[in-house]
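Structural overview for review
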Amino acid sequence: MKRMLFSIMLLCLMASGQAPALGQNAAVSDGDIVILYENDVHGAVEGYPLMAAMRDEMRQKTPYVSVVSCGDFLSGTSLGSVSHGRYIVRMMNAVGYDYVTLGNHEFDFGIDTMNLRMSQLTATTLCCNYSDLRDGSSRFKGYEIRQYGSVSVAFVGLTTPHVPTSSTPIYFQDSTGNWLYTFYAQQLELVLQKAVDDARSHGADYVVVLSHVGEVDLPGIVEATRGIDVVLDGHSHSVIPQSILYNRDAQEVLWTSTGSRFKYIGRLVITPQGKMWSELLPTSQMTLPLTAVADTLRAIRQEYAAVGQREVGRSDVQLWRKGREGDYVDSPLGNFFSDAFRALTHAEVGLANAGGIRCDIDKGQLVFDDIFSAAPFDNRLCLVEMSGEALMDALEMGCRRWPKIGGGFLHVSGLMYTIDTTVRSTVVCDENDVFMRVGSDRMVKNVRVWDAEKQQYLPLDSQRIYRVAGCDYTLLQQGDGHVFRGIKVTRQNICSDVEALEVYLRDCLNGVVGDRYAHTQGRIKVN
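This structure is a prediction, so every number in the text was calculated from the model and none was measured.

Reading the values: rules and limits
- Residues numbered from 1 in each chain as written.
- Predicted model: local features only at pLDDT ≥ 70, side-chain atom pairs only at ≥ 80, totals over all residues.
- Heavy atoms only, no water.
- pLDDT = per-residue confidence, 0-100.
- Contact = heavy atoms within 4.5 Å.
- Axes fitted to C-alpha atoms, helices over the stretch in contact; angles between N-to-C directions.
- Helix = DSSP H or I, 4+ residues; strand = E, 2+ residues; numbered from the N terminus.
- Parallel < 35°, antiparallel > 145°, perpendicular 65-115°, else oblique.
- Left-handed = near helix turned anticlockwise from the far one by under 90°.
- Buried < 20%, exposed > 50% of the residue type's maximum accessible area, 1.4 Å probe, protein only.
- Core = buried A, V, L, I, M, F, W, Y, C linked by side-chain atoms within 4.5 Å.
- Phe/Tyr/Trp six-rings, centres within 6.5 Å; stacked < 30°, edge-to-face > 60°.
- Expected span 1.5 Å × (residues − 1).
- Bend = angle between axes of the 7 residues up to and from the residue.
- Disulfide = S-S within 2.5 Å.

**Remarks on the confidence of the model for the protein chain**
With 94% of its residues at a pLDDT of at least 70, the protein chain reaches an overall mean of 90. Scored below 50 in pLDDT, residues 1–24 makes 68 contacts in the model with residues more than four places away or belonging to other chains.

Okay, here's the thing in structure tokens:
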């Protein structure tokens, strides 16, 4: 898919009417439509006062200002997780958001909590591709048209069709495993096109898609549709000031994304003359304003301080969630997580999914907020028994997107394995990206399990039953699409993952993370 910076004028006609001309970035003036946007904030609440200040500044230049989010705002830090998103909603309401779409992490605390938080938002939630299979009803409005003077702009919400596996699949199923909800993985372009056509038929001059799809899938979706002017995108944490994609008529669509965690605030401008441009404003160059939104943030931080600032220990090393030596897959923090799960349950093997580790842990004194920020999802530790074959399948599933490492990649304790990059993944998943089977060849090889009695690693036995510890999200809830057939649950709901980290630090490491975790330990090798 072609990609280039906008520096040209779009002079062609869209199928639905005259396309806006694309102009060079310029100062905002009276009559311009300004849409401030962000994506993948993940609980980085420090950005909300800056967003409010930018909104106020733009309103001094033009009356037509809106604030939108492209998803993944409820969770990702301890503030979000402790309150199950309540603090985040409070901040967004203080800013005065107009529209949001759903990210996969809006579902982290369950569908009922997601519905509650969306009802508490003063913003309108938009998502055209989320429906209840039992009655075919849409769970939220697919689009809404906003009038700015004589100009009508339709905002369409779109989320990744992989929500079930990038959230918690069992949330979307009944007790027998039947799917209750759909995100239209096989019909996404058709569902989106219907929403766009409907908005155009109701008088929209422009169509702006609030997308939580990401740069892997988004280009193909745009290529299969028509009538979209702009995509404000999220999910992949990409930093895209302004670029173009081509629709099914080979016409250009503006595409932009702010990265993550409020590193940037995006600004989309549509002028009365039909010119359109976007830019990313670095928050590092902004000064925290003395506004009511900043006061709200201070009040929230005071409420949280009693929990978050409790001292839990010390780390003499930087705990990297990515390998410090450039080895992405094997990391000190991944080892720390999986070691904690294994030690607390006396399991033979500990597993920790990469997506459950959200940030590094810095060297120095540690407070509860440090470890909660690294493990903010309140997953529950459990112990199961599974065959060596099931364990092999899980490792293979975690590597299937190589060289891209997704959230389902498994860090390990008590186990070593090699990834053969000359082999193409043969993992087969269903339409919701849930594991079905492995084909004839495997990327994962030379799997060895620590034998405590012999004090050495021995080859994994596919027929033997192993005691495996990990989070319920991965082992029991099909998180990241993992399915462990034939497992037996020995202990469930032992404690939260963050509690496991704290107990391991206190009881097994005497309160100090030492040199053992200064580097990767060669548990996962890549050939």
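What follows continues from the structure just given.
**What to know about the packing of helix H1 (residues 47–59) against helix H3 (residues 86–95)**
One way to put it is that H1 packs onto H3 with a least axis distance of 9 Å and a crossing angle of 15°. Between H1 and H3, the crossing angle belongs to the class labelled roughly parallel. Crossing handedness for the pair H1 and H3: right-handed. When H1 is examined against H3, the residues Tyr48, Pro49, Met51, Ala52 and Arg55 are found in contact with a partner set consisting of Ile88, Met91, Met92, Ala94 and Val95.

**Some details on unusual backbone geometry**
Cis geometry is adopted by the peptide bond preceding proline 403, which originates at tryptophan 402 and carries an omega value of 10°. The phi torsion at aspartate 40 lies on the positive side, around 55°, for a residue other than glycine. Secondary-structure assignment places aspartate 40 in the loop between strand E4 (33–38) and H1. A positive phi angle, close to 60°, is found at phenylalanine 262, a residue other than glycine. Following the sequence through the fold, phenylalanine 262 ends up in the loop between strand E15 (252–258) and strand E16 (264–270). Classification of phenylalanine 262 as buried rests on a relative accessible area of 5%.

**Examining the nonpolar core**
Tyr48, Phe73, Tyr97, Phe107, Tyr130, Phe336 and Phe337 are the most contacted members of the largest nonpolar core, which totals 81 residues. If we skip the residues at most four places from it in the chain, phenylalanine 336 touches Leu501, Tyr504, Leu509, Val513 and Tyr517. Counting 31 residues, the second largest nonpolar core, distinct from the first, contains Leu391, Ala394, Tyr417 and Leu460.

**Considerations on the packing of aromatic side chains**
Counted according to the given criterion, the structure contains 17 aromatic pairs. When the ring of tyrosine 130 is compared with that of tyrosine 181, the centres are 5.8 Å apart and the planes differ by 40°; the resulting orientation is tilted. Of this pair, tyrosine 130 sits in the loop between strand E7 (124–126) and strand E8 (131–132) while tyrosine 181 is found in strand E11 (residues 181–182), placing the two residues 51 residues apart along the sequence. Since its relative accessible area comes to 11%, tyrosine 181 is described here as buried. Pairing phenylalanine 336 with tyrosine 517 gives two aromatic rings, centres 5.5 Å apart and planes at 90°, and the pair type is edge-to-face.

**Regarding helix H8 (residues 292–308)**
Count 3.6 residues to each turn of an α-helix, and residues three or four apart come out pointing the same way. Between its terminal C-alpha atoms H8 stretches 23 Å, which fits the 24 Å expected from 17 residues at 1.5 Å a residue. Maximum bend of H8: about 30°, positioned at glutamine 302. On its buried face, H8 sits against H1, helix H2 (78–82), H3, strand E20 (364–367) and helix H10 (368–374).

**A look at the state of the cysteines**
Across all of its chains, the model carries zero disulfides by this definition. Among the cysteines around cysteine 471, which has no disulfide bond, cysteine 382 carries the closest sulfur, lying 7.5 Å off. Cysteine 495 forms no disulfide, and the closest cysteine sulfur to it belongs to cysteine 471, at a distance of 8.8 Å. Classification of cysteine 495 by relative accessible area gives buried; the value is 12%.

**Observations regarding the environment of leucine 415**
With respect to the helices and strands, leucine 415 occurs in strand E23 (residues 415–419). Sequence spacing of leucine 415 and tyrosine 457 is 42 residues, and the spatial spacing of their C-alpha atoms is 7.6 Å. Apart from the residues within four sequence positions on either side, leucine 415 is in contact with Val349, Leu391, Leu395, Val447, Arg448, Val449, Tyr457 and Arg523.

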